[in-house]
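One letter stands for each residue in the lines below.
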Amino acid sequence: MGTFRLVISLIVITFSCFLYAEPIYTWVDNAGVVHYSQQPPKGVDATLIYSEDMEPAKIGTLAPQRKTPPTKEMTDLEKSAQIINAQDQKQAVEICESAKHSLNVLTTHTQLNQQNKETGETVAMTEEQRQAAIAENTERVKLFCK
């Protein structure tokens, strides 16, 4: 009796997917885009197909692709670097050398101190502050050392 139920269940499961096959309408719009829908569009000559007849690769959607690359907004540091590089090459070289030196110190040493600008007190630099300073000086080297 258990085997009979198993066989019947397998038969029902196997053929149940054919019971759920839905009609699908397809058409091409004025822009040449192919559309698929379960409802026929009004005023358009649509072709009726069934979901079981479709190739698996044709089911789904395709996201539109951007034709032009997005323009990147310049940061304040990039704007100032562009102005300094164009107007004062000596200052650009000084900033480059300073950034290289700072980057060398920041990457060589892990326990650093810095002076608080408001109180003048010397305080230990946290790891987050050190990583932020490394990122800032790396950007300066990239912008000013050409």
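Residues numbered from 1 in each chain as written. Predicted model: local features only at pLDDT ≥ 70, side-chain atom pairs only at ≥ 80, totals over all residues. Heavy atoms only, no water.

A word on the overall build of the protein chain
- Helix and strand counts for the protein chain come out as 4 helices and 5 strands.
- For the protein chain, the N- to C-terminal ordering of α and β elements is α-β-β-β-α-α-β-β-α.
- Residue burial in the protein chain is summarised as follows: out of 146 residues, 16% are buried.
- In the protein chain, the share of contacts with a sequence separation of at least 24, taken over all contacts with a separation of at least 6, comes to 41%.
- A total accessible area of about 12300 Å² is found for the protein chain, and carbon and sulfur atoms account for 56% of it. (Helix = DSSP H or I, 4+ residues; strand = E, 2+ residues; numbered from the N terminus. Buried < 20%, exposed > 50% of the residue type's maximum accessible area, 1.4 Å probe, protein only. Contact = heavy atoms within 4.5 Å. Areas by Shrake-Rupley, 256 points an atom, 1.4 Å probe, with all protein chains shown as cover.)

Here we look at the state of the cysteines
- Overall, the coordinates contain 1 disulfide when judged by the stated rule.
- Bridging Cys-96 to Cys-145, the disulfide has an S-S length of 1.7 Å. Its S-S torsion of about 115° marks the bond between Cys-96 and Cys-145 as right-handed, since a negative value means left-handed. Of the two residues, Cys-96 is situated in helix α3 (residues 89-108) and Cys-145 in the segment after α4 (127-144); the sequence distance between them amounts to 49 residues. (Disulfide = S-S within 2.5 Å.)

Some words on the packing of helix α2 (residues 76-87) against α4
- Here α2 crosses α4 at 35°, and the two axes come no closer than 10 Å. Between α2 and α4 the crossing geometry is right-handed. Packed against α2, whose contacting residues are Leu-77, Glu-78, Ala-81, Ile-84 and Asn-85, the element α4 presents Glu-139, Arg-140, Leu-143 and Phe-144 at the interface.
- Its residues placed into classes, the contact of α2 with α4 shows 5 nonpolar, 1 polar and 3 charged. (Axes fitted to C-alpha atoms, helices over the stretch in contact; angles between N-to-C directions. Left-handed = near helix turned anticlockwise from the far one by under 90°. Nonpolar A, V, L, I, M, F, W, Y, C, P; charged D, E, K, R; others polar.)

Digging into the pattern of salt bridges
- Going through the model one piece at a time under the given rule, you end up with 3 salt bridges.
- For Arg-140, the salt bridge goes to Glu-136, with nearest N and O atoms at 2.8 Å. Of this pair, Arg-140 and Glu-136 both sit in helix α4, 4 residues apart, roughly one helical turn.
- Among the residues examined, Arg-140 registers a relative accessible area of 28% and is labelled partly exposed.
- Among the residues examined, Glu-136 registers a relative accessible area of 37% and is labelled partly exposed. (Salt bridge = Lys/Arg side-chain N within 4 Å of Asp/Glu carboxyl O.)

Some details on the pairing of strand β1 (residues 23-28)
- Bridge analysis of β1 against strand β3 (residues 47-50) gives 4 bridges, and the strand direction is antiparallel. Looking at β3, one finds that Thr-26 is bridged to Thr-47. (Pairing = 2+ DSSP bridges.)

Quick notes on the confidence of the model for the protein chain
- Averaged over every residue, the pLDDT of the protein chain is 80; the share at 70 or more is 82%.
- Of all secondary-structure elements in the protein chain, the lowest mean pLDDT belongs to helix α1 (residues 2-19), at 69, while α4 reaches the highest, 91. (pLDDT = per-residue confidence, 0-100.)

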